[in-house]
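Observations on chain architecture
Okay, here's what each chain looks like letter by letter:
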Amino acid sequence: MVNWVMSCVTSTSYSISINGEIHGYFKGQRGLRQGDPISPYLFTLVMEVLTSILQHAANSHAGFRFHNNCKKQKIINLCFADDLFLFARGDTVSVKVIMESLNMFRDMSGLVPSLSKSTSFFCNVPTRVKNQIVDFVPFAEGSLPIKYLGVPLIASRLLKSDCKVLVEKISKRILDWKTKFLSFAGRLQLVNSVLAAMYSYWAAVFSLLASIIKSIERGFFMATSIVSGRKSLWVEWIYAHRLRGRSFWDVKVPQNSSWGWRKILSFRGSVRKFFWKQIGNGESTSLWHDTWCIQCPLSRFISPRNMSQQGFSIYSKVADVVNNGIWSWPDAWRDLFPVLFQLNPINITPNKQDIILWRTNAGKLMPFSSKLVWETTRSRGNEVEWAKREMDSHDHLFFECSYSSTILDALKEKSCMKKVPNKWEDIMRWLQPKASSRSLNSVIAKLTIKATAYFVWQERNYRFFNNQLRPPEVLTSIIIDTVKLKLLSFKYKEKPHVRKTLDDWKLTSVDTFEDN
């Protein structure tokens, strides 16, 4: 196995692409090709050795102390790609244990930390102790926030300035000279596969600002991980340090918590109705705070005082009140909470775990997925006639559908087109004799049709791609304003019918008349 791996590492070669053609090759001196599929596996194998060294050193040295928020999970290091975080209590003994482990790993693997890219961070460490640590740690002292895996590592609210890097990256891709030669389909693919991935990656870490991304409901996905108890280090840390045995739905919002945690908790009111616990053994479902029947959550009408009087606690589970499939509610609650004694019998399966399902607006229970969340929670406007048409015809889209007809009917009065039907052929037949005419009415009619076609097409795309809707009255006003701005740029003959037309368009203050 080692020989196979070393063959992959030492036999690399490279060619140079010039104007799309490959020329020559040269041998690689060390390492794998960029993007080699074996690279992540080798990285995992090697970094697992470092993890083992650190954990063994921590267990062997009585003086080593874990970071305060890492003790329960015994976290010393987090690594991804070529980024590595090391955590310890801010004392000399603990830091020396880490440095000795790094040196041992260096001697074994040949991997040396980059001093120019490595930084030490201190928090609430006495100056005397910090100076001692700086003396034997070769890394420069840094200050937060920093970037980790391409995003700023901050616990406070994300500011617009923090998103500058994201905006610049997307803008650079859009303005790249290669994209200027892409077709519409090519640009759409660029958005879907590249640009969308950029902001999706940031959205996986932050609740992005509305000014950066107008509609992204980040809270649904974080809440799902917590409520379902998904197997991950982050969820485990949340349960140990944030929930501490309490239900996610019940835990208070601490004043001294980070902005990110407060933001996640603020989503609870929006997402709670969608989460449904399907009972297996009932041992992980909160009796009071989870939704496992239509009367839930029971905490709405059963107070903590009621619970404690009957020997329950806020930590009670569904399994605690089920005996051989029969509910065992206290008799004292029979008159106080009769709804509890009307619940259907429940099947408890000892070896089956409780699971989280997503409850749609129609009441259907389904496994959680991002697509399902989007379809359930996204805002919807009134469906327009063209929504179910696979291909929009000119006649229907621009002239015949109720939305376009409403706009045209409002505009034809002002364009001397009152008797022209709302059909493409009829409008073109009426306009063709006026194609070269410079009369004011002809110009207004042509401008109106052009502006209408432009803004109706724009509205169609807003609805299709951005889920943005404007009523026909708004679009009519926009078209009128656009035509008026164009009319202001013309010169006119001082004639009664011209003045009357301009008055009809509320351009009485226009001062662009030529001498006769």
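Just so you know, the residues in each chain are numbered from 1, in the order the chain's sequence is written. Totals for whole chains, interfaces and linings use all residues, but because this is a predicted model, local features are given only for residues with pLDDT of at least 70 and pairs of side-chain atoms are given and counted only at 80 or more. Water and hydrogen atoms play no part in the side-chain values, which are based on all heavy atoms of the structure.

1. Looking at the overall build of the protein chain
The line we're drawing: A run of H or I in DSSP counts as a helix once it spans at least four residues, and a run of E counts as a strand once it spans at least two, with each numbered from the N terminus. The buried label goes to any residue with under 20% of its type's maximum accessible area, the exposed label to any with over 50%, and the partly exposed label to all in between, with areas taken from a 1.4 Å probe on protein chains only. Two residues qualify as a contact provided that any one of their heavy atoms is within 4.5 Å of a heavy atom in the partner residue. Areas reported here follow the Shrake-Rupley algorithm with a probe of radius 1.4 Å; residue values treat only the protein chains shown as occluding.
In terms of regular secondary structure, the protein chain is built from 19 helices and 15 strands. With 516 residues in all, the protein chain has 36% of them scored as buried. Contacts spanning at least 24 positions in sequence make up 50% of the contacts within the protein chain whose residues lie at least 6 apart. Per element, the accessible surface of the protein chain, about 32,900 Å² overall, is 55% carbon and sulfur.

2. A closer look at the pairing of strand β2 (residues 21-27)
Threshold: Any two strands with at least two DSSP-identified bridges between them are counted as paired.
Bridging between strand β1 (residues 13-18) and β2 involves five bridges; their strand directions are antiparallel. From the neighbouring strand, Y14 faces β2, where its bridge partner is F26.

3. Re the packing of aromatic side chains
Test applied: For Phe, Tyr and Trp, where Trp contributes only its six-membered ring, two rings pair if their centres lie within 6.5 Å, and the inter-plane angle classes them as stacked under 30 degrees, edge-to-face over 60, or tilted in between.
Tallied over the entire structure, the rule returns 16 aromatic pairs. For the pair F248 and W249, a centre-to-centre distance of 5.1 Å together with 65 degrees between the ring planes defines the contact as edge-to-face. With centroids separated by 5.8 Å and ring planes inclined at 65 degrees, the aromatic side chains of W358 and F368 adopt a geometry described as edge-to-face. With W358 in strand β12 (residues 355-359) and F368 in the loop between β13 (365-366) and α13 (370-377), this residue pair connects regions lying 10 residues apart in the sequence.

4. Focus: the packing of helix α15 (residues 402-412) against helix α18 (residues 472-487)
The cut-off we apply is this: Fitting a line to C-alpha atoms yields each axis, with helices limited to the stretch in contact; the angle taken between N-to-C directions then spans 0 to 180 degrees. What sets the label is the angle itself: under 35 degrees gives roughly parallel, over 145 gives roughly antiparallel, 65 to 115 gives roughly perpendicular, and the rest give oblique. Working rule for handedness: look at the near helix, and if it is turned counterclockwise from the far one by less than a right angle, call the crossing left-handed; if clockwise, right-handed. Classes in brief: Ala, Val, Leu, Ile, Met, Phe, Trp, Tyr, Cys and Pro nonpolar; Asp, Glu, Lys and Arg charged; the others, Gly included, polar.
The N-to-C vectors of α15 and α18 enclose an angle of 45 degrees; their axes lie 9 Å apart at closest approach. Considering the angle they form, α15 stands oblique to α18. Every pair of crossing elements has a handedness; the one defined by α15 and α18 is right-handed. Contact residues: α15 offers Y403, T406, I407, A410 and L411, while α18 offers P472, L475, T476, I479 and I480. Partitioned by chemical class, the residues of the contact of α15 with α18 number eight nonpolar, two polar and no charged.

5. Focus: the pattern of salt bridges
What counts here: Salt bridges are identified by distance alone: a Lys or Arg side-chain nitrogen within 4 Å of an Asp or Glu carboxyl oxygen.
Taken as a whole and judged by the stated rule, the model has seven salt bridges. One salt bridge connects E141 with K130, and the closest N-O pair in it is separated by 3.3 Å. Placement of E141 in strand β6 (residues 140-141) and of K130 in helix α4 (residues 127-136) is noted, with a sequence separation of 11 residues between them. The partner of K277 in a salt bridge is D290, with the nearest N and O atoms 3.5 Å apart.

6. Quick notes on the confidence of the model for the protein chain
This is how it is decided: What pLDDT reports is the predictor's confidence in each residue, on a scale of 0 through 100.
Averaged over all residues, the pLDDT of the protein chain is 80; the fraction at 70 or higher stands at 79%. Confidence over residues 212-219 falls short of pLDDT 50; this stretch has 16 contacts with residues more than four positions distant or in other chains.

7. Some words on the environment of F105
With respect to the element layout, F105 can be found in helix α3 (residues 92-109). With relative accessibility at 7%, the residue F105 sits in the buried group. Taking C-alpha positions, F105 is 9.8 Å from T51, a pair spaced 54 residues apart along the chain. Those residues in contact with F105 that sit more than four places away from it in its chain are V46, M47, V49, L50, I53, G110 and L111.

8. Focus: the environment of I238
By the secondary structure assignment, I238 is in helix α8 (residues 233-243). Residues I238 and I226, 12 residues apart in the sequence, show an inter-C-alpha distance of 7.7 Å. Setting aside residues up to four positions removed in sequence, I238 forms contacts with I226, L243 and W261.

9. Things to note about the sheet that holds β12
Overall, antiparallel pairing links the three strands, which are arranged β9-β12-β13 in an open sheet. Of all strands in the sheet, those with a lone pairing partner are β9 (275-278) and β13, marking the two edges. For β12 and β13, the ladder comprises two bridges, and the chain directions are antiparallel. Within β13, the residue paired with R359 across the bridge is L365.

10. Some remarks on the packing of helix α17 (residues 440-466) against α18
Between α17 and α18, the least distance of the axes is 9 Å, while the angle of their chain directions is 135 degrees. Viewed along their axes, α17 and α18 adopt a mutual orientation that is oblique. The hand of the α17/α18 crossing is right-handed. Of the residues in α18, those in contact with L440, I444, L447, T448, A451, T452, F455, V456 and E459 of α17 are L475, I478, I479, T482, V483, K486 and L487. In the contact of α17 with α18, the residues fall into 11 nonpolar, three polar and two charged.

11. Remarks on the environment of K450
Inspection of the secondary structure assignment puts K450 in helix α17. Judged by relative accessible area, K450 falls into the exposed class, the value being 59%. A C-alpha to C-alpha distance of 9.4 Å links K450 and V483, two positions 33 residues apart in sequence.

12. Quick word on α13
Rules: The arc in question is traced by the directions running from the helix axis to the C-beta atoms.
When we look at burial in α13, the residues that qualify are L372, V373 and T376. Seen along its axis, α13 keeps its buried residues to an arc of 100 degrees; they face one direction.

13. Concerning the side chain of K446
What counts is decided by this rule: Any pair of nitrogen or oxygen atoms within 3.5 Å is treated as a polar contact; in protein, a donor-acceptor pairing is required on top of that, and neighbouring residues in sequence qualify only through side-chain atoms on both sides.
Along the chain, the position of K446 falls in helix α17. There is a polar contact of 3.0 Å between the side chain of K446 and the backbone oxygen of A435. Setting aside its immediate chain neighbours within four residues, K446 contacts L431, K434, A435, S436 and S437.

14. Things to note about a nonpolar patch on the surface
Selection rule: Like charges are joined within 9 Å and nonpolar side chains (Val, Leu, Ile, Met, Phe, Trp, Tyr) within 5 Å, but only among residues with over 30% relative accessible area and no salt bridge; these make up the patches.
Together, I16, I18 and F26 line one region of the surface with nonpolar side chains, adding up to about 280 Å² of accessible area. Within the element layout of this structure, I16 appears in strand β1.

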